[in-house]
Amino acid sequence: MTASGDPPERASSREAPAGLSLVATPIGNLGDLSPRALAVLGGVDAVLCEDTRVTGQMMARHGMSAPLLPLHDHNEAEMVPRVLERLRAGQRLALASDAGTPLVSDPGYRLVRAVIEAGLPVTAIPGPNAAVMALTLSGLPPHPFLFLGFLPPKGGPRAAAIARLRAAERAGLAATVVLHEAPHRLAEALAALAEGLGGDRPAAVARELTKRFEEVRRGSLAELATHYAGHEARGEICIVVGPAPEEATGEADLDAQLRAAMEGASLRDAAAMVAAATGLPRKQVYARALELAKGG
């Protein structure tokens, strides 16, 4: 006990930064809640969280009892002005994820944007992040990497999202891709990725990270799709897909890359991106882009 009678893990309000603090929480192993996170959660006037039951249980284990305010996709818009009012009144607030780092596939982005635009303080207490942990354990190139969150749950939109990723790769994107996925959709998501990106692409599936049954299975997309088609997956899951292999660029390939790049960029920017990706002279690529734009 401290001199004030508080439990040692409970902080005074002086230990919680002014404004809004984004607090990362464990993704499975409760020992991963950092001393700074404990200090802030124990010292704020209230904690915003997606599920008050989850955050409430975590805080109770550490002897903390700050008021909990629900903040989720369905009420974030109406909560923003209330939170801003509290912050303007000098309250110290925390936003905690159910698991991991706030805003990463979790609510809170609109709130953080509003706090920044209001000129109010916002800071973060770093900690667990499943996507980054999966990346580092995958054995695949760690940078650059692209985090895409969840793929669409239905087949058509999912295939379209994968096709857009492949188009970006043909236009020059060369990055390891990190995804979240639900266990009951894992097998079909891997099959769709194998079909859209190539079954021989190296990949990894990481699940139950930091927990007792942590597993990282590595192989090609086709091998992983086959495995999980016959083995039920459980727990929280990340998929990591290695970067697209370098491809020799023939005339047809160059046209495909340019068309893909011009879908989301100006002609000049598309030509510059494709020239950088292929190593071809920029003038040559720009000239071909002009021909394609004219219907050539």
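These numbers come from a predicted model, not from an experiment. The written sequence of each chain sets the order in which its residues are numbered from 1. Per-residue local features are limited, in this predicted model, to residues with pLDDT of at least 70; the limit for side-chain atom pairs, both in listing and counting, is 80 or more; totals at the level of whole chains, interfaces and linings are taken over all residues. To get the side-chain values, take all heavy atoms of the structure and skip hydrogens and water.

(A) Structural view of the packing of helix H7 (residues 186-197) against helix H8 (residues 221-230). Lines are fitted to the C-alpha atoms to define the axes, a helix being fitted only along its stretch in contact, and any angle between axes, read from their N-to-C directions, falls within 0 to 180 degrees. The helix and strand labels rest on DSSP assignments: H or I over at least four residues marks a helix, E over at least two residues marks a strand, and numbering proceeds from the N terminus. In contact at an axis separation of 8 Å, H7 and H8 are set at 155° when each is read in the N-to-C sense. By the angle class used here, H7 and H8 are roughly antiparallel. Viewed along their axes, H7 and H8 form a crossing whose handedness is left-handed. Of H8, the residues touching H7 (which contributes Leu186, Ala187, Leu190, Ala191, Leu193, Ala194 and Leu197) are Leu221, Ala222, Leu224, Ala225, Tyr228 and Ala229. Each angle gets one of four labels, with under 35 degrees taken as roughly parallel, over 145 as roughly antiparallel, 65 to 115 as roughly perpendicular, and the rest as oblique. For any helix crossing, the convention is left-handed if the near helix is rotated counterclockwise from the far helix by under a right angle, and right-handed if that rotation is clockwise. Only heavy atoms enter the contact rule, under which two residues are in contact if any of them lie within 4.5 Å.

(B) Expanded view of the sheet that holds strand S6 (residues 145-150). Pairing is mixed across the open sheet formed by five strands, whose spatial order is S6-S7-S10-S8-S9. Bordering the open sheet on either side are S6 and strand S9 (215-220), each of which pairs with just one other strand. The average angle at which neighbouring strand axes cross in this sheet is 15°, direction not considered. Between any two strands, at least two bridges found by DSSP are needed for them to pair. Note: S6 against strand S7 (residues 176-181), five bridges, orientation parallel. In the strand pairing of S7, Phe150 is matched with His180. Contacts from H8 reach strand S8 (202-207), S9 and strand S10 (237-241), with the element oriented near 125° to S9.

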